[in-house]
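Given next are the chains, with one letter for each unit.
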Amino acid sequence: MFEDTIAERVRPLAQAFSNGGLARLRVRDGEFEVEFRRAPAPVAAPAAAARPGGEAAAARSIDAILADVVGIVRFLRPAVSEGMALEGDRELAYVETLGIRNAVRSRGPGRVAMIYVTDGQPVEYGQPLFAIER
Amino acid sequence: MFRKVLIANRGEIALRINRACHELGVATVAIFSEADRGSLHVRHADEAFCVGPGPVAASYLNIANILSTALICGADAIHPGYGFLAENARFAEITRDHGLTFIGPSPSVIAAMGDKATARRIMHESGVPTTPGSGILATPEEAAAFAEQIGYPVMLKATAGGGGKGMRAVESAADMVAAFATASAEAAASFRDGRLYAEKLIRSPRHIEVQVLGDEFGDVVHLGERDCSVQKPSHQKLIEEAPAPALDAAVRDRLHEMAVTAARAVKYTNAGTLEFLVDGANVYFMEMNTRIQVEHPVTEMVYGVDLVKEQIRIAAREPLGFTQADLQPHGCAIEVRVNAEDPENNFAPAAGTLGRVEFPGGPGVRVDTHVYAGTVVPPFYDSLLAKIIVTGRSRESAIMRMERALAETHIEGVKTTVEFAREILRDESFQRAGLGVDWLPNYLAQRVPALA
């Protein structure tokens, strides 16, 4: 399902994180670093996120946005794309459950590092939808 | 027949339903919580969806996520198993409203049988005896008059009651005044309502239940009875058998007849169980369970009928494939529930990771389980690990076979009920049969001080 190696590495980590009841999980392996946080903390992290790419690699962290309901994921128009910069807390998509729209938000500014799903795809609880680089 | 069934459950019963579906050529969708990701029911199903985190309210009781899964997967029916949403009339109704079939009776029958007072009234009206009870009793004198009429002992109960508060057993007329005063005061203190009623006290009844199946065309059959009298002090069943041993043939026939009469009276469809208290020749309706029961395999083994497949066929509007005369019991079957519990500590539930897991095999042994070596037993769910079911031509041979099967059973990593069940099987009273529901609590009460 995921050809990309980063996606292949993030998904099991995201699942381990959501199963483990952890509040925060950071994994670093060479250049690769990923961080999961359970509670959205939209206000606290602007300094690192605002920095343009290429500067201080150690500051990179990635938030995985997981589905919190079972349903069909629908992208908003215009649809987000990988690499897109996000200003503020933006609604990226919604998950439709029994006709109810459950908003999926970016939980703060950043850059869309990865889109794991396609428009109209069924998703289960805890499934990674987007990775946001802060 | 359905194309695809969503199984709204976990553990051994989810696997059991999955097997029935696959034997009928029906595809399956499993649901699971994050705590059950590695469970066998997830691996056996054709598709599986995570519906929430470990706690049941957020996952196995999450109606929106479960129905959403069913719709996404294109399931045309939902099997609820037992527990969780199995007797939730609202869930059955919402399922129907979304164009899916709920594999069980109609929502109105689930609701009627789920309300004890309504169920008792319906049974009474259709001629099925219920425990004799009074209306509200204003004074000890009224209570004494009722007791004289039905005979001592009686149980005084708080009308607002629950949890044993405001309950007093009254053995004779001499005790009535004092018992009435204390029960009423206790009820007033606990529920702000001191009103009492009385019921005939049945000291040592047997718990005997009758399995019924009804199709959508008005046909109802029974599949005999199960004796579930070996119950823990919490009233949870530990050992069940079919047929009920040492039961008078006339009483047996009456139980079967009453069960069918009652099921017809409520226009019952699908599989159901009527629970009775049996006290000598007296039989009293207790309640009706509108689902498949944990102990259904003992009936299956004796009658050679796959009850879960029948549930699915009935829900798919197929007529029953047999008549009452076709259903003949053969031999005996016994089930032992292997729970992750500590019998030496009031059956306290245990959670943890299973080490070595070995189940029995050989002739006449069936094991319904979802666990294997390495299974994590989460703290969120009931403690049932496995059901070991054996058959025998006679009860004695079935007991011998169960002893052998339990000796082959090894589960390490958590405390289980295996050794305790062996102890019960070897007990002379159990072997003599015909025990009441108070037998195991009394046995435990005598056993614990002996160990201390």
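Residues numbered from 1 in each chain as written. Chains lettered and ligands numbered in written order. Predicted model: local features only at pLDDT ≥ 70, side-chain atom pairs only at ≥ 80, totals over all residues.

1. So, the overall build of chain A
For step 1, the next point in the chain: Across its full length, chain A carries two helices and ten strands.
For step 2, the next point in the chain: Ordering the α and β elements of chain A from the N terminus gives α-β-β-α-β-β-β-β-β-β-β-β.
For step 3, the next point in the chain: For chain A, with 134 residues in total, the buried portion stands at 33%.
For step 4, the next point in the chain: Counted over contacts in chain A with a minimum sequence separation of 6, partners at least 24 positions apart contribute 61%. (Helix = DSSP H or I, 4+ residues; strand = E, 2+ residues; numbered from the N terminus. Buried ≥ 20, exposed ≤ 12 C-beta atoms within 10 Å, placed from the backbone. Contact = placed C-beta atoms within 7 Å.)

2. Notes on helix α7 (residues 140–150) of chain B
Residue and element names in this part refer to chain B.
For step 1, the next point in the chain: All of the buried residues in α7 are A143, A144 and A147. Taken around the axis of α7, the buried residues stretch over an arc of 100°, which confines them to a single face. The exposed residues of α7 that point more than 90 degrees off its buried face are E141, E148 and Q149.
For step 2, the next point in the chain: If you follow the buried residues of α7, they end up packed against β6 (154–158), β7 (168–170), α8 (176–191) and β8 (196–200).
For step 3, the next point in the chain: G151 sits one or two positions beyond α7 and adopts a positive phi of about 95°. (Arc of directions from axis to C-beta.)

3. As for the pairing of strand β10 (residues 220–231) of chain B
Residues and elements named next belong to chain B.
For step 1, the next point in the chain: Of all twelve residues that make up β10, twelve are buried, and the element is covered over most of its length.
For step 2, the next point in the chain: Pairing between strand β9 (residues 206–214) and β10: six bridges, direction antiparallel. Along β10, the bridge assignment pairs E209 with R226.
For step 3, the next point in the chain: Counting the residues between successive antiparallel strands, the hairpin from β9 to β10 contains five residues, one of them, G218, with a positive phi of roughly 90°.
For step 4, the next point in the chain: Examined bridge by bridge, β10 and strand β11 (residues 237–242) share three bridges and lie antiparallel to one another. Paired with D227 across the bridge in β11 is E241.
For step 5, the next point in the chain: Following β10, the chain reverses through five residues before pairing antiparallel with β11; H235 in that reversal takes a positive phi of roughly 70°. (Pairing = 2+ DSSP bridges.)

4. With respect to the pairing of β8(B)
All names here are of chain B.
For step 1, the next point in the chain: Of the two faces of β8, the one lined by L196, A198 and K200 is fully buried and the one lined by Y197 and E199 carries no buried residue.
For step 2, the next point in the chain: Where β6 meets β8, five bridges bridge the pair, whose relative direction is antiparallel. Bridge pairing links M155 to E199 in β8.

5. Considering the nonpolar core
For step 1, the next point in the chain: Core analysis: the biggest nonpolar cluster contains 142 residues, and L129(A), F130(A), L6(B), A333(B) and I334(B) have the highest contact counts within it.
For step 2, the next point in the chain: Of the domains in this structure, domain 1 (4–103) and domain 3 (206–451) of chain B are the two that each give at least three residues to this core.
For step 3, the next point in the chain: If we skip the residues at most four places from it in the chain, L6(B) touches V29(B), I31(B), T69(B), A70(B), C73(B), A75(B) and I78(B).
For step 4, the next point in the chain: By size, the runner-up hydrophobic cluster in this structure holds 15 residues, among which are L137(B), A144(B), A179(B) and A187(B). (Core = buried A, V, L, I, M, F, W, Y, C linked by C-beta atoms within 7 Å. Domains from an automatic or database assignment.)

6. Some remarks on the sheet that holds strand β4 (residues 77–79) of chain B
Residues and elements named next belong to chain B.
For step 1, the next point in the chain: Pairing is parallel across the open sheet formed by five strands, whose spatial order is β3-β2-β1-β4-β5. Lying at the two open borders of the sheet, with one neighbouring strand each, are β3 (47–52) and β5 (101–102).
For step 2, the next point in the chain: Across four bridges, the pairing between strand β1 (residues 4–7) and strand β2 (residues 27–33) is parallel. By the bridge assignment, V5 is partnered in β2 with T28.

7. Describing the domain arrangement of chain B
For step 1, the next point in the chain: Each assigned domain of chain B is listed with its residue range as follows: domain 1 (4–103), domain 2 (140–200) and domain 3 (206–451).
For step 2, the next point in the chain: Using only C-alpha atoms to locate each centre, domain 1 of chain B and domain 2 of chain B end up separated by 44 Å.

8. Section: the interface of chain A and chain B
For step 1, the next point in the chain: Opposite the twelve residues of chain A that make contact, chain B presents twelve residues.
For step 2, the next point in the chain: Secondary-structure elements contributing two or more residues to the side of chain A that touches chain B are α1 (5–20) and β4 (71–75) of chain A.
For step 3, the next point in the chain: When the residues that make up the side of chain A that touches chain B are grouped by side-chain class, the tally is six nonpolar, five polar and one charged. (Nonpolar A, V, L, I, M, F, W, Y, C, P; charged D, E, K, R; others polar.)

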